[in-house]
Amino acid sequence: MKHQLYREQQLHCDIETAWRFFSSPANLSKITPKDMGFTVLSNYNDEHIFEGMIINYTVSPMLKIPLKWRTRISQVELNRSFTDFQEKGPYKYWSHFHEFIPNRAGVLIKDTVHYELPFGILGDIAHWVFVKKKLVHIFDFRYGILEKLFNRK
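A brief look at the structure comes next. Please read all numbers here as calculations on a predicted model, not as lab measurements.

The rules behind each value
Residues numbered from 1 in each chain as written. Predicted model: local features only at pLDDT ≥ 70, side-chain atom pairs only at ≥ 80, totals over all residues. Heavy atoms only, no water. Core = buried A, V, L, I, M, F, W, Y, C linked by side-chain atoms within 4.5 Å. Buried < 20%, exposed > 50% of the residue type's maximum accessible area, 1.4 Å probe, protein only. Helix = DSSP H or I, 4+ residues; strand = E, 2+ residues; numbered from the N terminus. Contact = heavy atoms within 4.5 Å. Bend = angle between axes of the 7 residues up to and from the residue. Phe/Tyr/Trp six-rings, centres within 6.5 Å; stacked < 30°, edge-to-face > 60°.

### Notes on the nonpolar core
Residues Leu-11, Phe-22, Tyr-91, Phe-100, Leu-135 and Leu-146 are the most contacted members of the largest nonpolar core, which totals 35 residues. Counting residues per element, the ones that place at least two in this core are β1 (2-11), α1 (15-22), β3 (54-59), β4 (67-77), β6 (93-103), β7 (106-116) and α2 (120-150). In terms of residue count, the dominant contributor to this core is α2 (eight residues). If we skip the residues at most four places from it in the chain, Phe-22 touches Leu-11, Ile-31, Phe-82, Phe-100, Ile-109, Arg-142 and Leu-146.

Below is the structure:
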């Protein structure tokens, strides 16, 4: 069964600042909870995303067991949106669409994640028991970090 997670957040910065932050793979670990053991393995030295970019990570979502995860940037529209698509990893399907909408207050960011777990009905049970809660926790953590980085008065 496919699931969707949707979040939005207002950032008090200009579009260039928001885009520069989110389009750098080096910043992913800054907005991911430490207990996830999230490590970016690809070394892009502050290179910003481009269509076709492959990013390799390790992540330890459960019991500190490291899993390899590889995403491909499948779509980029400069200063507007990009999509990362899982090529290899813990999900049967993962597509994360990032959208950036400039407004009077700064930039509204929107995240839409479509995902599906492996293992059929067992994956569906795992989703309702703990995966959904874990994803909410990750995005709640991210929200807090972004508030500190961009919305501190």
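Let us keep going from here.
### A word on α2
The sharpest bend along α2 comes to roughly 60°, located at His-127. When we look at burial in α2, the residues that qualify are Gly-123, Asp-124, Ala-126, His-127, Val-131, Leu-135, Ile-138, Phe-139, Arg-142, Ile-145, Leu-146 and Phe-150. Packing partners of the buried residues in α2 comprise β1, α1, β6 and β7.

### Section: the packing of aromatic side chains
Evaluated as defined, the whole model comprises 14 aromatic pairs. The interplanar angle of 70° and the centroid separation of 5.3 Å between the aromatic rings of Trp-19 and Phe-100 together place this pair among those described as edge-to-face. With a gap of 81 residues between them, Trp-19 in helix α1 and Phe-100 in strand β6 connect regions that are remote in the sequence. Both rings, one in Phe-38 and one in Tyr-57, keep their centres 5.0 Å apart while their planes meet at 35°; by these two values the pair is tilted. Remark: Tyr-57 occurs in strand β3 and Phe-38 occurs in the loop between α1 and β2 (39-40); sequence separation between them is 19 residues. An aromatic cluster of at least three residues, connected via ring pairs, comprises Trp-19, Phe-21, Phe-22, Phe-82, Phe-100 and Phe-150.

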